[in-house]
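Residues per chain, in single letters:
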Amino acid sequence: MYVVSADQMKMLDRKTIDDIGIPGAVLMENAGRGTVEHIRRRYPHVGTGRIVVLCGRGNNGGDGFVIARYFFNAGARVAVLLFAPGEQVSGDARVNMDAFLNMGGRVQEIADEAGWQEMAAEIAHAGLIVDALLGTGLSSEVKGLYRKVIEDVNAAAAPVVSVDIPSGLDATSGRILGTSVRADLTCTYGLPKIGLLVYPGAARVGTLEVVDIGIPHGLIEASGIHASLLEEIQFAGALPQRDPDSHKGTYGHVCVLAGSPGKTGAAALTAESAMRTGAGLVTLGVPESLNPVLEAKVTEVMTAPLPDAGSGMLTPDCLPEVEGLLSGKSVIALGPGIGTGGEICRFVGQVLERAAVPVVLDADGLNALADDVSALARCKVPVVITPHPGEMARLVAMDTAVVQQDRIGTASGFAEKYGVIVVLKGARTIVAEPGGTVCINPTGNPGMASGSRPWA
């Protein structure tokens, strides 16, 4: 499923209206009606209570007026609060506000915090709150009246449904702009916005539903959108089927270069994981003084002791043996637990330069690379790097917090600059490829936040 930034969604809306000829009022009607359908499925008894719809003056508020109209027409008790003077509402939003009024609905204008406090009873007695305050165009911090309203909504007992995006979220980065609504249900329009899928924004969305508002699929395909949400259906057909007439040599031979004193577990974990995920053969190249430890620790994995002069570390001195070990291998996993220091940096750089098969670079291999990122430019084979946020921060010489504020931008920028695939780990792992393709992985859970083996 494609996912979009705020600007990309704005572009798709504009092209649908201007190039395809579907009026904005139709898109707004589809958005509001689709939201009502999701609300009724999620809250089947909603029509028996009081529904409070909080509207801003823009198109987000216009969606709110459509929702209010449908529930009002069905006989529900609907209170619409508008946080702007009515004369400031224009365009399609104005059309839908007038339609609601012409049906006999009432719109209460809220000008300041005093006016909001007078309506406190509406929130206290609401059976459902619809958040149609601030949309995807928000880029500055929420302050004043809107901040107070959002704080009170979050403190209310009633479930909250956000229109397109919880008010206060940056639709592109997921950053909380001062404060934001904590929704129980978010109905987003056309395509999911990136900010709904990455943290911290993802924690404010509740259940996410995508409403088809009529944007043509062909228009989306032709718009050059490169970001997507990984879905199970994409993997169901991607995993290769094993031929009954096959053997261990059919499924590749992984070479793992890993391990140092105190970090033999990283080497063993990597090699055993390669076996469990389907490799036909795995050979683990380790410093020779650690080989007895790994011989005892792994069973299916073969070990290859590499000269270490008693240091327990892989250094450039063992490169001739490494080159021999790499002969006939299908892929190299480089870096888990190999340690740090100048010699390690040289070792990693020279393996990258000499590699003839794809390389997956992880852990201490990334830390070594941080001292000489240019080694990637000298590598002649495909490279996948798998940093966690701290490792990514070292690679790009930034603070970890800065990386986390723009995970997609950081990962995709590095992938493009160095021609590698970046798997930026964390909650909602980001996979970025050269050329701009970005995927968001929605799987995983907090139980994975561990150095242990959750599958053991």
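Just above sits the structure.
Notes on the structure follow.

About the thresholds
Residues numbered from 1 in each chain as written. Predicted model: local features only at pLDDT ≥ 70, side-chain atom pairs only at ≥ 80, totals over all residues. Heavy atoms only, no water. Core = buried A, V, L, I, M, F, W, Y, C linked by side-chain atoms within 4.5 Å. Buried < 20%, exposed > 50% of the residue type's maximum accessible area, 1.4 Å probe, protein only. Helix = DSSP H or I, 4+ residues; strand = E, 2+ residues; numbered from the N terminus. Contact = heavy atoms within 4.5 Å. Expected span 1.5 Å × (residues − 1). Arc of directions from axis to C-beta. Pairing = 2+ DSSP bridges. 1 Å grid on protein atoms, 1.4 Å probe; cavity = no way out; pocket = protein on both sides within 12 Å on 5 of 7 lines; lining within 4 Å. Points joined across faces, edges and corners; volume = space filled by probe spheres on them. Nonpolar A, V, L, I, M, F, W, Y, C, P; charged D, E, K, R; others polar. Axes fitted to C-alpha atoms, helices over the stretch in contact; angles between N-to-C directions. Phe/Tyr/Trp six-rings, centres within 6.5 Å; stacked < 30°, edge-to-face > 60°. Lys NZ or Arg CZ within 6 Å of the ring centre and 35° of its normal.

Looking now at the nonpolar core. Formed by 54 residues in total, the largest nonpolar core has its most connected members in Leu 257, Phe 347 and Val 422. Element by element, the count of residues in this core is highest for helix H13 (residues 342–354), at six residues. In this view, Val 422 contacts Ile 385, Pro 387, Met 392, Ala 411, Phe 414, Ala 415, Ile 430, Val 431 and Ala 432; residues no more than four positions away in its chain are not counted. One finds Val 4, Met 9, Leu 185 and Ile 213 within the second-largest nonpolar core, a separate group that totals 41 residues.

So, on to helix H4 (residues 91–102). Between its first and last C-alpha atoms H4 spans 17 Å; for 12 residues at 1.5 Å apiece the expected length is 16 Å, and the two agree. Inspection of H4 places Ala 93, Asn 96, Met 97 and Phe 100 among the buried residues, and these make up the whole buried set. An end-on view of H4 places all buried positions within 105° of arc, on one side of the element. Projecting away from the buried face of H4 at angles above 90 degrees are the exposed residues Gly 91 and Asn 102. Turning to H4, the residues buried within the fold contact helix H2 (24–42), helix H3 (59–73), strand E2 (77–82) and strand E3 (107–109). At the exit of H4 stands Gly 104, carrying a positive phi of roughly 105°.

With that settled, consider the pairing of strand E17 (residues 438–441). By the bridge criterion, three bridges tie strand E8 (residues 227–229) to E17 in an arrangement that is parallel. Across the sheet, the residue bridging to Leu 229 is Ile 440, located in E17. For strand E16 (residues 429–432) and E17, the ladder comprises four bridges, and the chain directions are antiparallel. Counted as the bridge partner of Ala 432 is Val 438 from E17.

A probe as big as a water molecule, rolled over the atoms, marks out the empty space that is left. The computed volume of the second largest pocket comes to approximately 890 Å³. Surrounding the second largest pocket, 35 residues form its lining, Asp 13, Asn 59, Asn 60, Thr 136 and Gly 137 being those nearest its centre. Among the secondary structure elements, those contributing two or more residues to the lining of the second largest pocket are helix H1 (6–20), H2 and H3. Looking at the lining of the second largest pocket element by element, the count peaks at seven residues for H1. Tallied by class, the residues present in the lining of the second largest pocket amount to 15 nonpolar, 10 polar and 10 charged.

Another point: the sheet that holds E2. Here seven strands make up an open sheet; going across it, the order is E3-E2-E1-E4-E5-E6-E7 and the pairing parallel. The sheet is open, and its two edges are formed by E3 and strand E7 (207–211), each paired on a single side. The sheet shows a mean angle of 20° between the axes of neighbouring strands, direction not considered. Examined bridge by bridge, strand E1 (residues 50–55) and strand E4 (residues 128–132) share five bridges and lie parallel to one another.

Counting through the fold element by element, Arg 69 comes out in helix H3. When neighbours within four sequence positions are excluded, Arg 69 is seen to be in contact with Glu 29, Asn 96, Ala 99, Phe 100 and Met 103.

Right, let's talk about the packing of aromatic side chains for a bit. Remark: the centre distance and the inter-plane angle together describe each pair of aromatic rings, the angle taken between the planes. Evaluated as defined, the whole model comprises four aromatic pairs. Geometrically, the ring pair formed by Phe 83 and Tyr 146 is tilted, given 6.2 Å between the ring centres and 45° between the ring planes. Of the two residues, Phe 83 is situated in the loop between E2 and H4 and Tyr 146 in helix H7 (residues 144–155); the sequence distance between them amounts to 63 residues. Centre to centre, the rings of Phe 414 and Tyr 418 are 4.5 Å apart; their planes meet at 40°, and the pair counts as tilted. Of the two residues, Phe 414 and Tyr 418 both sit in helix H17 (residues 407–418), four residues apart, roughly one turn of that helix. Put simply, the rings of Phe 83, Trp 116 and Tyr 146 touch in pairs and so form one group of aromatic residues. Its end group placed over the ring of Tyr 251, Arg 242 keeps NZ or CZ at 3.8 Å from the ring centre.

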